[in-house]
Amino acid sequence: MITKITPFLIAFGCYLALHFLQFFVIFPLEAKYGSNVTWLASLFFFPHLVRVLAVWMLGPLAFFALLPADIIIHLVLHPDRQLTDLQMLVPFVSSGCAVIAFELFKLTGVDLYLSATKASNWRPLFLIGAIASVINSVGLSVLYQGLVIPEESLHLLANYMVGDILGLFFGLIVLMALTRLLKLNATR
Amino acid sequence: MEETQPLRFARLLQMVRSMEADLGISALNKSEKVLFTCVGDLCLGTDSAVNLTEILAHVDVKTMPQATVYKCLRDLREKGLLAHVGGRGSGLYRLG
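Residues numbered from 1 in each chain as written. Chains lettered and ligands numbered in written order. Predicted model: local features only at pLDDT ≥ 70, side-chain atom pairs only at ≥ 80, totals over all residues.

(A) The interface of chain A and chain B, seen in detail. Residue-level contacts link 17 residues of chain A with 17 residues of chain B. For the side of chain A that touches chain B, the secondary-structure elements that each account for two or more residues are α5 (122-143) and α6 (150-187) of chain A. If one sorts the elements of the side of chain A that touches chain B by residue count, α6 of chain A sits on top with 9 residues. Partitioned by chemical class, the residues of the side of chain A that touches chain B number 10 nonpolar, 5 polar and 2 charged. (Contact = placed C-beta atoms within 7 Å. Helix = DSSP H or I, 4+ residues; strand = E, 2+ residues; numbered from the N terminus. Nonpolar A, V, L, I, M, F, W, Y, C, P; charged D, E, K, R; others polar.)

Structure below.
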C-alpha cells in the first residue's frame with residue numbers, strides 16, 4: 001500500500017515545492033525585470049514539468065496528487081478568494097491539463113503513458129507538454145477574464161504558453177544535469 | 001503490466017538520456033546504450049536481476065564481441081546505470 005502511494009506523495013511534494021520556488025523566488029525576480037502580468041504568468045514555469053512527468057509515469061490518477069498541491073498554493077496566494085469565485089477552478093484546470101492532453105492522444109489511438117510504451121523519448125512528452133500548456137493557457141485565460149484588462153488577455157495567454165513550454169524544456173535540462181551529478185557522485 | 005518504482009526511474013533516466021542524445025551531449029557510447037537498453041528491456045515489468053547469459057543471448061547483444069560486452073557492463077556499473085547483484089562472479093545485473 002505504502003509503495004503504491006509513495007510515487008504520488010513524491011509527485012505531490014515536488015509539485016508543491018516547485019510551486020513555492022516559482023511563486024516566491026522566480027516570480028519576484030521576473031516581476032523586478034519582466035512583464036506587468038507576472039503575478040499570473042511566468043517566463044519559466046517549472047511546475048509544468050512535474051505535471052507532465054507525473055501523468056506520464058503515474059497515469060490519470062496523478063491528477064489526485066497534483067490537485068491538493070495546486071489547491072494549497074492557490075489558497076496561500078489568494079487567501080481572500082471565496083469558494084464561489086470562478087477562479088477557484090484554476091487548480092482543477094492546472095492539475096488536469098496534462099491528463100486531458102494524454103487522454104486526447106489516447107483517443108486518437110496514440111497512448112503515450114509510460115505503461116503503454118516501451119521506449120522512453122522526450123520528444124512525445126514535449127509535444128504532450130505543449131498541448132497541455134495550450135489547454136491550461138486557454139482554461140486559465142477564461143477563468144481570469146475580468147481580472148485582466150482585455151488588451152492584456154492575449155499577452156497573458158502567450159505568457160502562459162511560453163512559460164509552460166520553456167519551463168518544461170529547461171526543467172528537463174535541469175533534470176539532465178541532476179542525473180549527471182548523481183552519476184558523478186556514484187563513481188566517486 | 002504493473003510499473004515498479006525502479007522501472008519508472010529507469011524509464012525516466014532513459015527519457016532524459018534520449019534528450020541528451022538529441023542534444024549531442026550523451027555520456028554513453030553506442031555499445032553502452034545498446035547494453036543499457038537491453039538490460040532495461042529484460043527487466044521490463046519486474047524488479048528482478050538479469051542474468052549475464054540472458055544479456056549475451058539478447059538479440060541486440062548477440063553480435064557484439066564478448067570483450068566489448070564485459071567492458072560496457074563495467075563502464076555502465078561505474079557510471080551508476082547498472083548495479084551488480086550478489087557476489088563478484090554472480091553474473092547478475094539490475095538497473096542502477
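Text resumes after the structure shown.
(B) The packing of helix α2 (residues 30-43) of chain B against helix α4 (residues 66-78) of chain B, seen in detail. All names here are of chain B. For the pair α2 and α4, the least separation of the axes is 9 Å and the interaxial angle reads 80 degrees. Regarding the angle of α2 to α4, the classification is roughly perpendicular. Listed contacts from α4 to Ser31, Glu32, Leu35 and Phe36 of α2 are Thr68, Val69, Cys72, Leu73, Asp75 and Leu76. (Axes fitted to C-alpha atoms, helices over the stretch in contact; angles between N-to-C directions. Parallel < 35°, antiparallel > 145°, perpendicular 65-115°, else oblique.)

(C) Quick look at the packing of helix α4 (residues 90-107) of chain A against α5 of chain A. Residue and element names in this part refer to chain A. At their nearest, the axes of α4 and α5 sit 8 Å apart, and the two run at 145 degrees to each other. Where α4 crosses over α5, the two elements pack in a sense that is right-handed. For the pair α4 and α5, the contacting residues are Val90, Val93, Ser94, Cys97, Ala98, Ile100, Ala101, Phe102, Leu104 and Phe105 in the first and Ile128, Ile131, Ala132, Ile135, Asn136, Gly139, Leu140 and Leu143 in the second. Grouping the amino acids of the contact of α4 with α5 by side-chain chemistry returns 15 nonpolar, 3 polar and no charged. (Left-handed = near helix turned anticlockwise from the far one by under 90°.)

(D) Spatial organisation of the nonpolar core. In this structure, Ala11, Tyr15, Val52, Ala54 and Val55 of chain A together with Leu35 and Val39 of chain B are the most contacted members of the largest nonpolar core, which totals 58 residues. Looking at this core, the element that brings in the most residues is helix α2 (residues 47-58) of chain A, giving 9 residues. If sequence neighbours within four positions are ignored, alanine 11 of chain A has contacts with Val50, Ala54, Leu58, Ala62, Ala65 and Leu66 of chain A. Membership of the second largest hydrophobic core comes to 5 residues, among which are Val90, Leu140, Leu156 and Tyr160 of chain A. (Core = buried A, V, L, I, M, F, W, Y, C linked by C-beta atoms within 7 Å. Buried ≥ 20, exposed ≤ 12 C-beta atoms within 10 Å, placed from the backbone.)

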